[in-house]
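Report on the structure
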Amino acid sequence: MSEIHTAIPFSSRRTSRFEARTYRAFTAKHLDEIPELERLPPALREEMRVVSSVLPFRVNRYVIEELVDWRRAPDDPLFRLVFPQREMLAPEHFDEVAAALESESSERIAATVAKVRSELNPHPAGQLQSNVPRIGGRRVEGLQHKYPETVLFFPSQGQVCHSYCTFCFRWAQFIGDPDLRIASRETAALTEYLAAHPEVTDVLVTGGDPLVMRTKALRAHLEPLLAIESIRTIRIGTKSLTFWPHRFVTDPDAEDLLALFRAIVASGKHLAVMAHYNHPRELAPAIAREAIARVRATGAQIRAQGPLLAHINDSEETWARLWQAQVELGIVPYYMFVERDTGARRYFEVPLVDAYRIYRGAMKRVSGLARTARGPSMSCHPGKIEIQGVTEVGGEKVFVLRFIQGRNPDWVQRPFFARFDAQATWLDQLRPAFGEPRFFFERDPLN
Ligand SMILES: *Cc1c(COP(=O)(O)O)cnc(C)c1O
């Protein structure tokens, strides 16, 4: 497994360097069909079976062969990124599910799994209720509109990924429960909504991963947006550059996808590929770099975001290498997120004070060009809240916070203070500083 090199060789642009590959996914049903897992103690596979009956699991051959370092599994960060581990469930949840599986009663298994899932905060930040837009009083399913300038669009064919991340905050999208799923079957509702909302400049197509869709389907969703003058930017949220770079290089409709990107750019709108990266190793394979080069050659801009995760990337050095490699490949570092309060958060969460220390330490190691990543940022109900620092005001140790995005745009960029708490991992554990009863935004009816 090659580590990332800072100097990137010029890639020759001949497709023939890269062999086409047939996509094949393994899910919880196929744990016995992954030969690499046989190298691990059998107990680990049993534990994976338990955890993957609660949290979604899906991986493909490219991830298994090119990203995971099997000599270091199960401690390898890329192994932990995709393969379930026992500690991702609370001990009592793990035992309940294990006992249900042992009973072999399908009713008991279904009931236990449903109960445990419901206790994992499947839809954080109230997203099933709070941000659903309406046309004439009718809910428009598959859209979210939280910040005035940006609408999220969840096309129904894009609600899977080429592989699932074990920490995914959208995990409830993938468990087959339509009540917990955000998905749109129609583009017409989107264009109708946008026509009525000229304040919206950005559409963020997301999922899941919209690039799981064939180009033809994606084009049907995106082309109508080109005619809407108020839309200036189309963003596509994706992990395909990491989990299936063949999508841009050797898949049968790879060229067609790049042609669609060029057409969007030619229309005068900005095309932003919001790429999800968690570890510098994801940027190492030649085909991953080729995919990046091809996307950039269309005129699209790739921006990178991802959460800070215990056991995967919780070090200054890892983030510095990640951001530096991104800059060298022409990707703009965009956000460092705090792991959200859902799913396997207990395994991945990092105290806010450590998140800030790692962010700052990584920033110190890179030049200004790699310091474009904002964070650490919590995406929570009131907005995106950044930890700006730890300091002392009038003898009280405090966190300095600010809104990057706010449910009320007037909150944006306003500094505020929370009492310092070395254990806190999320906003709901913070209290206002200086003995104030509430944070300023909690007094606002828009909260
Ligand atoms: C993050 C986010 C956006 C986009 O915010 P930017 O700061 O413009 O990247 C839009 N809608 C929701 C719900 C979000 O969480």
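That block above? That's the structure.
We now turn to the structure provided with this report.

Rules of the game
- Residues numbered from 1 in each chain as written.
- Predicted model: local features only at pLDDT ≥ 70, side-chain atom pairs only at ≥ 80, totals over all residues.
- Heavy atoms only, no water.
- Salt bridge = Lys/Arg side-chain N within 4 Å of Asp/Glu carboxyl O.
- Helix = DSSP H or I, 4+ residues; strand = E, 2+ residues; numbered from the N terminus.
- Buried < 20%, exposed > 50% of the residue type's maximum accessible area, 1.4 Å probe, protein only.
- Axes fitted to C-alpha atoms, helices over the stretch in contact; angles between N-to-C directions.
- Parallel < 35°, antiparallel > 145°, perpendicular 65-115°, else oblique.
- Contact = heavy atoms within 4.5 Å.
- 1 Å grid on protein atoms, 1.4 Å probe; cavity = no way out; pocket = protein on both sides within 12 Å on 5 of 7 lines; lining within 4 Å.
- Points joined across faces, edges and corners; volume = space filled by probe spheres on them.
- Nonpolar A, V, L, I, M, F, W, Y, C, P; charged D, E, K, R; others polar.
- Core = buried A, V, L, I, M, F, W, Y, C linked by side-chain atoms within 4.5 Å.
- Expected span 1.5 Å × (residues − 1).
- Near = heavy atom within 4 Å.
- Polar contact = N/O pair within 3.5 Å; in protein donor to acceptor, adjacent residues only side chain to side chain.
- Areas by Shrake-Rupley, 256 points an atom, 1.4 Å probe, with all protein chains shown as cover.
- Sits in = over half its atoms within 2 Å of the grid points.
- Pairing = 2+ DSSP bridges.
- Left-handed = near helix turned anticlockwise from the far one by under 90°.

A few words now on the pattern of salt bridges. Tallied over the full model, the rule gives 32 salt bridges. Salt-bridge contacts for Arg235 lead to Asp202; the nearest nitrogen and oxygen are separated by 3.2 Å. Placement of Arg235 in strand S8 (residues 233–238) and of Asp202 in strand S7 (residues 202–205) is noted, with a sequence separation of 33 residues between them. The partner of Arg219 in a salt bridge is Glu223, with the nearest N and O atoms 3.4 Å apart. One end of the pair, Arg219, and the other, Glu223, are both in helix H7 (residues 215–226), four residues apart, so they sit about a helical turn from each other. We classify Glu223 as partly exposed; its relative accessible area is 42%.

To describe two helices that pack against each other, one gives the angle between their axes and the distance between the axes. Between H7 and helix H10 (residues 254–266), the shortest axis-to-axis distance is 10 Å and the interhelical angle comes to 5°. Considered as vectors, H7 and H10 are oriented roughly parallel to each other. Side by side, H7 and H10 meet where Thr215, Leu218, Arg219, Leu222 and Leu226 of the first sit next to Asp256, Leu257, Leu260, Ala263 and Ile264 of the second.

Under the definition given, this model contains two cavities of 30 Å³ or more. Looking at the largest cavity, its volume works out to about 70 Å³. If you trace the largest cavity, you find it lined by Val51, Leu55, Pro56, Phe57, Pro84, Met88, Cys165, Thr166, Cys168, Trp171, Gly343 and Ala344. Tallied by class, the residues present in the lining of the largest cavity amount to 10 nonpolar, two polar and no charged. In this structure, the second largest cavity occupies an estimated 40 Å³ of space. As for the second largest cavity, its lining consists of Tyr277, Ala304, Gln305, Gly306, Trp319, Leu322, Trp323, Gln326, Pro333, Tyr334 and Tyr335. Of all the secondary structure elements, the ones that give two or more residues to the lining of the second largest cavity are strand S10 (301–308), helix H12 (316–328) and strand S11 (332–338). Top element by residues in the lining of the second largest cavity is H12. It accounts for four residues. When grouped by side-chain class, the residues that make up the lining of the second largest cavity number eight nonpolar, three polar and no charged.

Once that is clear, we can look at the layout of surface pockets. The probe, sized like a water molecule, is rolled over the atoms to show the empty space still left. Empty space within the largest pocket amounts to approximately 1,100 Å³. Considering the residues around the largest pocket, the lining is formed by 47 residues, among which Phe169, Arg170, Leu204, Gln305 and Phe337 are closest to the centre.

It is worth spelling out the nonpolar core at this point. In terms of nonpolar packing, the biggest core is built from 108 residues, with Phe83 and Leu241 touching the most fellow members. If sequence neighbours within four positions are ignored, Phe83 has contacts with Ile34, Leu37, Met48, Phe57, Val59, Ile64, Val68, Trp70, Met88 and Thr166. Counting residues in each nonpolar core, the second largest holds 21 residues, with Leu401, Ala418, Trp426 and Phe441 among its members.

Here helix H11 (residues 286–297) spans 16 Å end to end across 12 residues, near enough to the 16 Å set by a 1.5 Å rise per residue. Counted residue by residue, H11 has nine buried out of 12 residues, so it is predominantly covered. Against helix H2 (61–67), helix H8 (240–243), helix H9 (246–249), H10, strand S9 (270–276) and S10 lie the buried residues of H11. Immediately beyond the C-terminal end of H11, within one or two residues, lies Gly299, with a positive phi of roughly 100°.

This part covers the environment of Leu322. Note on placement: Leu322 falls in helix H12. Note: C-alpha distance between Leu322 and Ala99 (223 residues apart in sequence) is 41 Å. Dropping the residues within four chain positions of it, Leu322 is found in contact with Tyr277, Asn278, His279, Pro280 and Leu283.

Okay, the site of the ligand next. Taken together, Lys146, Tyr147, Thr150, Leu152, Arg235, Tyr334, Tyr335, Lys384 and Gln405 are the residues near the ligand. One of the side-chain nitrogen or oxygen atoms of Arg235 is found 2.8 Å away from an oxygen atom of the ligand. At a separation of 2.7 Å, an oxygen atom of the ligand approaches a polar side-chain atom of Tyr334. Contact with the protein chains hides 86% of the accessible area of the ligand, taken as 380 Å² for the molecule alone. A majority-of-atoms criterion places the ligand in the largest pocket. The set of elements that each furnish at least two residues to the shell around the ligand consists of strand S5 (143–147), strand S6 (150–153) and S11. Of the residues assigned to the shell around the ligand, the class counts are four nonpolar, two polar and three charged.

For S11, a buried count of six out of seven residues is recorded, marking the element as mostly surrounded by other parts of the structure. By the bridge criterion, six bridges tie S10 to S11 in an arrangement that is parallel. Among the inter-strand pairings, Pro307 is bridged to a residue of S11, identified as Phe337.

Here the focus is the packing of H12 against helix H14 (residues 352–365). At a closest axis distance of 8 Å, the pairing of H12 and H14 adopts a crossing angle of 50°. Taken together, H12 and H14 sit at an angle that is classed as oblique. Seen along the crossing, H12 lies across H14 with a hand that is right-handed. Of the residues in H14, those touching H12 at Glu316, Glu317, Trp319, Ala320 and Trp323 are Arg357, Ile358, Tyr359, Gly361, Ala362, Met363 and Arg365. Here the contact of H12 with H14 is built from residues that sort into seven nonpolar, one polar and four charged.

Taking burial as the measure, the seven residues of strand S12 (residues 374–380) include six buried ones, the bulk of the element. Bridge count between S11 and S12: two bridges; the pairing is parallel. The residue bridging Tyr335 from the neighbouring strand is Arg374, located in S12. Where S12 lies against strand S13 (residues 383–393), four bridges are found, and the strand directions are antiparallel. Along S13, the bridge assignment pairs Ser379 with Lys384. Taking the residues between adjacent antiparallel strands as the criterion, S12 and S13 are bridged by two residues.

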